[in-house]
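# Architecture and fold: a report
Each chain is listed here by its residues.
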Amino acid sequence: MDHFQRIYDSEAGTYHRMVATEDTHGELAERLEQLTAAASTIVDIGTGTGRLAIELCGHGKRVHGVDVATAMLDVAATKLTNCLGDWALSVGDARKLPIDDDWADAAVAGWVFGHFTERWPDSWHNELNQAIAEMNRVVKPGGIEVVIDTLGTAVDQPAAPSTALGGYHARLEAMGFKRTVLRTDYRFETVAESIELLDWFFGLGDWARDHNDPLVPEFTGWWERRNPIN
């Protein structure tokens, strides 16, 4: 976990440079656009550098992004400056969101809850339950709840990259989240950039060297349900 935390705390600009090349086929963007058609106020949990918030706000929606890493939020603020919609950013934990009850029509948690399995390998179920309870609290009854997480980078078929993440995905589905598999390939400017950034973040530089291709396959899971609290 120290590897990712270091990146989030001190290398946010490079992180955004990498994620900006993701979703070359637009499948994730299409799902986000569908979400904005049904929701005017959206909480982006673990917003990071604004990867999702930029697209959500770009459709003229009101977005409130929350993250524990101030360096990531600083980058997000610069990227959201000319957004069509309204936006706000707050420092906060996914398990204790600085958002009022029933504020949002929808909430999205992108690539955040999976880190619980690394940080708290023996108690991640409890941390996940708390985070989902917070999602339930801030989303209006019947509103949309979305969890986005990895199903593998530089792979041929979608699958959880670890046993722990597989258990986490199964837990989401037991809680009523329905999974959709998206293809979210990276398309880097050059092979050299793909080697640099894949090695830096994922430790997959050898894959990039062997394939010599700036297009890197990736699968992403989109888990969605309606807030069951009435």
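Before any of the text, the structure's been laid out above.
Attention in this report is confined to the structure presented alongside it. Just so it is clear, the model here is predicted, and its values are computed rather than measured.

Quick notes on the rules
- Per chain, residue numbering runs from 1 following the sequence as it is written.
- Reporting of local features is limited, given that this is a predicted model, to residues whose pLDDT is at least 70; pairs of side-chain atoms are given and counted only at 80 or more, and all residues count toward the totals for whole chains, interfaces and linings.
- To get the side-chain values, all heavy atoms of the structure are used, and hydrogens and water are removed first.
- Helix and strand labels come from DSSP, where a helix needs a run of H or I of at least four residues and a strand needs a run of E of at least two; each type is numbered from the N terminus.
- In protein, a polar contact means a hydrogen-donor-capable atom and an acceptor-capable atom, both N or O and within 3.5 Å, with residues adjacent in sequence counting only if both atoms are side-chain atoms; elsewhere, any N or O pair within 3.5 Å suffices.
- We call two residues in contact when some of their heavy atoms are within 4.5 Å.
- Whenever a pair of cysteine sulfur atoms sits within 2.5 Å, that pair is classed as a disulfide.
- When accessible area is computed with a 1.4 Å probe and restricted to protein chains, residues below 20% of their type maximum are described as buried, those above 50% as exposed, and intermediate ones as partly exposed.
- By the convention used here, strands pair only if DSSP detects at least 2 bridges between them.
- Axis angles are defined between N-to-C directions and span 0 to 180 degrees, where every axis is a line fitted to C-alpha atoms and, for a helix, only to the segment in contact.

### Focus on the side chain of Arg 95
- Mapped onto the secondary structure, Arg 95 falls in the loop between strand 3 (87–91) and strand 4 (104–110).
- A polar side-chain atom of Arg 95 sits 2.8 Å from a polar atom in the side chain of Glu 127.
- Those residues in contact with Arg 95 that sit more than four places away from it in its chain are Phe 116, Trp 120, Glu 127, Gln 130, Ala 131 and Glu 134.

### Thoughts on the state of the cysteines
- Applying the stated criterion across every chain, the model contains 1 disulfide.
- Paired through a disulfide, Cys 57 and Cys 83 show a sulfur-sulfur distance of 1.7 Å. Across the S-S bond linking Cys 57 and Cys 83, the dihedral sits near -125 degrees, which makes this disulfide left-handed. Placement of the pair is Cys 57 in helix 4 (residues 51–58) and Cys 83 in the loop between helix 5 (70–79) and strand 3, with a sequence separation of 26 residues. The pair formed by Cys 57 and Cys 83 is uniform in burial state, with each residue classed as buried.

### Here's the deal with helix 4
- Burial in helix 4 covers these residues: Arg 51, Leu 52, Ala 53, Leu 56 and Cys 57.
- A positive backbone phi angle near 80 degrees is found at Gly 60, which sits one or two residues after helix 4.

### Points about the sheet that holds strand 3
- Ordered by their spatial adjacency, 7 strands build an open sheet running 3-2-1-4-5-9-6, and the pairing between neighbours is mixed. Each edge of the open sheet carries a strand with a single partner, namely strand 3 and strand 6 (178–183). Ignoring strand direction, the axes of neighbouring strands in this sheet form an average angle of 20 degrees.
- Pairing of strand 1 (residues 41–45) with strand 2 (residues 62–67), which is carried by 5 bridges, proceeds in the parallel orientation. Bridged to Ile 42 within strand 2 is Val 63.

### Describing unusual backbone geometry
- The backbone of Ala 154 shows a phi angle near 60 degrees, a positive value even though the residue is not glycine.
- Its place among the elements puts Ala 154 in the loop between strand 5 (139–153) and helix 8 (163–174).
- The class for Ala 154 is buried, based on a relative accessible area of 13%.
- The residue Asn 212 is not glycine, and still its phi comes out positive at about 50 degrees.
- Within the secondary structure, Asn 212 sits in the loop between helix 10 (205–211) and strand 8 (215–216).
- Classification of Asn 212 by relative accessible area gives exposed; the value is 56%.

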